[in-house]
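# Structural overview for review
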Amino acid sequence: MWGISPHIDLLSGVNSETSNVVNILLLCPSDPRSVIATIAEASTKINASKLLSSNRPELRFYIVEERLEVLARHFLLLHIFFDDNVPIRKRAALYLEVFGNSLIQEKTAAYLEAKGTALVDFVLDGKEQAGMESMFDLSLLKQRERDGLADVFTSWHASKESNLKEMRDEILRSFYADRYDCREGVIDWDYHTQVQPYASIIHPIQFREWRLNGKAFEFGGATYDSENRSLVDPDCSTIFARTRRTDNLNMDVVTGPFVSHGITCDRSNSFADGLFEIHHKGTGVEQHRYSATDVALYNITSFMWQASRGKEYQMKLKGDVLSGLGADDQSDLPPLYEDENSDKSDKMKISFVPVRDARKIFNKRFKQYFDTLFVSRGTSSILQDSNLYDLLKGDATMVVETCRFDVSKSASYTQESIENIREILSNANAVETNDTPNTLGDTLLT
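Residues numbered from 1 in each chain as written. Predicted model: local features only at pLDDT ≥ 70, side-chain atom pairs only at ≥ 80, totals over all residues. Heavy atoms only, no water.

### A look at the overall build of the protein chain
Just so we agree on the cut-off: In this description a helix means any DSSP run of H or I spanning at least four residues, a strand means any run of E spanning at least two, and both kinds are numbered starting from the N terminus. Here the term buried applies to any residue with accessible area under 20% of the maximum for its type, exposed to any over 50%, and partly exposed to those in between, with areas from a 1.4 Å probe on protein chains only. When checking whether two residues touch, look at their non-hydrogen atoms; a contact exists if any pair is within 4.5 Å.
Regarding its fold elements, the protein chain presents 15 helices and 13 strands. Across the 446 residues of the protein chain, 57% fall into the buried class. Counted over contacts in the protein chain with a minimum sequence separation of 6, partners at least 24 positions apart contribute 76%.

Put into structure tokens, the structure is as follows:
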């Protein structure tokens, strides 16, 4: 559904300007946060370097997920991200609404249904998707997997039965158990002990509203009363969290979608840095002037701007995240592919790999193939398998997600977990570095 670490530029540590092809493998990232961050940064760097089309590196992302419903969300969010028919100021809010809210606006639900229909045609018949079909490589999908994805996309239609509100409440009752009647006190405790020390930009009211009602990102007094059907598993008619795996239950109703984009950003712009302004410092009643919603909106707006314009996004007014867009924010063709003789498919590919077990990716065709590997917290046990390292080039970069921001885990558990990962990687002759921006210590780079 969503990850438990902030987005990261996956080209950090990779000399993309001297590489013809950069292959990036993501094992169960849960959302495309680092894919869009990497594309945005690559667009800006390539445009700034004024490389000729023939000299630009080809970026190949391989997204592995163990559940089709999660993979379907990747399709959806990436299509929203690249949907140039929607201006950036609206598209950024739309992205966050679909990404993090259980309840969405009626017009967003209609957009979701339309996208579902279009994506069915795309995965089954290869029909064009506003030029995006050249970016998405479906060659690793078997026919039964395409059919499964089509079923998921079809389930987003309003005509399909869904009781997401009731199901989420059932999950909450299961999670809180005999603490359900005093759940607001539990939420307050979790916030002040598990959230505030690491991500105080998440406002307590915002965190409580998401925990209780599933609304993480709200904009402009809009009404959110339609169900976000992309969060429903059509096979078992339950929200993603209600699976046999306890970790997924925790991630759905405990931690929230704020970490992916809402707790850190590029603060080189003074107005962006101002989003973390704190009032009443040193008084014991410190309070952020802005919230995780503002930071997340800034990040997504920046990524969309960078991907379409090939230059850094700059806020122009204090507190106005969208002030850098100007009067006309309609996107143009991404600079990675803007040459008339250059095709999108020549310079970027996103491949989708559904597997029941992430170890299925071990394949001779991928031996010493990847420049960068992202390993999610949920698949970290794979680090103990020596076959994993056969996939990497000799100078490859590995990003390992830890549970630092998982609200359900204690500080002692988190520290022990990180030390275990360090030991495993040390035995694999990996070298740890901590110089990549925006990790906030949540990842180990090797």
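Next comes the rest of the description.
### A word on the packing of helix H7 (residues 183–199) against helix H8 (residues 204–213)
To keep things clear, this is the line we draw: With axes taken as lines fitted to C-alpha atoms, and helix axes fitted only over the stretch in contact, angles between N-to-C directions fall between 0 and 180 degrees. Orientation labels follow simple angle bins: below 35 degrees gives roughly parallel, above 145 gives roughly antiparallel, 65 to 115 gives roughly perpendicular, and whatever is left gives oblique. Take the far helix as your reference; a near helix turned counterclockwise from it by less than a right angle gives a left-handed crossing, and one turned clockwise gives a right-handed crossing. Under the scheme applied, nonpolar residues are Ala, Val, Leu, Ile, Met, Phe, Trp, Tyr, Cys and Pro; charged residues are Asp, Glu, Lys and Arg; polar residues are all the others, including Gly.
Across the interface, H7 lies against H8 with an axial gap of 10 Å and an inter-helix angle of 130°. With respect to H8, the axis of H7 lies oblique. The interaxial crossing formed by H7 with H8 has right-handed handedness. Residues Arg183, Glu184, Ile187, Asp188, Asp190, Tyr191 and Val195 of H7 lie in contact with H8, whose contacting residues are Pro204, Phe207, Arg208, Arg211 and Leu212. Of the residues contributing to the contact of H7 with H8, the split by class is six nonpolar, no polar and six charged.

### Describing the confidence of the model for the protein chain
Worth spelling out the cut-off: Scored from 0 to 100, pLDDT reflects the predictor's confidence in each residue.
Looking at the protein chain as a whole, the pLDDT averages 84, with 84% of positions reaching at least 70. Residue range residues 237–251 is modelled with pLDDT below 50. Its contacts to residues more than four positions away, or to other chains, number 46 contacts.

### Quick notes on H8
As a reminder of what qualifies: This arc is taken over the directions from the axis of the helix to the C-beta atoms.
Three or more residues of H8 are buried, namely Gln206, Phe207, Trp210 and Arg211. For H8, the angular spread of buried residues about the axis comes to 130°, placing them on one side. Remark: Gly214 follows H8 within two positions and exhibits a positive phi of approximately 80°.

### Notes on the packing of aromatic side chains
The condition that has to hold: Any Phe, Tyr or Trp ring, taking Trp's six-membered ring, that has another such ring centre within 6.5 Å forms a pair; planes under 30 degrees apart are called stacked, those over 60 apart edge-to-face, and the others tilted. Over a ring means this: the NZ of a Lys or the CZ of an Arg is within 6 Å of the ring centre and within 35 degrees of the ring normal.
This structure, assessed with the given rule, holds 23 aromatic pairs. With 5.9 Å between their ring centres and 70° between their planes, Phe75 and Phe153 make a pair best called edge-to-face. Taken as a pair, Phe75 in helix H2 (residues 68–81) and Phe153 in helix H5 (residues 143–154) lie far apart in primary sequence, 78 residues in all. In terms of burial, Phe75 and Phe153 fall into one category: buried. A ring pair is formed by Phe81 and Phe82, whose centres lie 5.0 Å apart and whose planes are at 90°; its orientation type is edge-to-face. Each of the two residues, Phe81 as well as Phe82, counts as buried. Here the aromatic cluster, defined as three or more aromatic residues joined through ring pairs, consists of Trp2, Tyr95, Phe99, Trp210, Phe217 and Phe258. Lying across the ring of Tyr180, Arg183 places its NZ or CZ 4.0 Å from the centre.

### Brief notes about empty space enclosed by the protein
Threshold: Cavities and pockets were defined on a 1 Å grid built over protein atoms only: a cavity is a set of grid points that admits a 1.4 Å probe from which the probe cannot escape, a pocket is an open set flanked by protein on both sides within 12 Å along at least five of seven lines, and lining residues are those with an atom within 4 Å of any such point. Grid points are joined across faces, edges and corners, and a volume is the space filled by probe spheres set on the points.
Applying the stated rule across the entire model yields three cavities of 30 Å³ or more. Every residue lining the largest cavity is listed: Gln194, Val195, Tyr198, Ala199, Ile202, Thr255, Val259, Arg404, Phe405 and Val407. In the lining of the largest cavity, the residues fall into seven nonpolar, two polar and one charged.

### A few points about the side chain of Thr372
For Thr372, the location among the structural elements is in strand E11 (residues 370–375). By relative accessible area, which is 0% here, Thr372 ends up buried. In this view, Thr372 contacts Leu10, Val14, Asn23, Ile24, Leu25 and Thr397; residues no more than four positions away in its chain are not counted.

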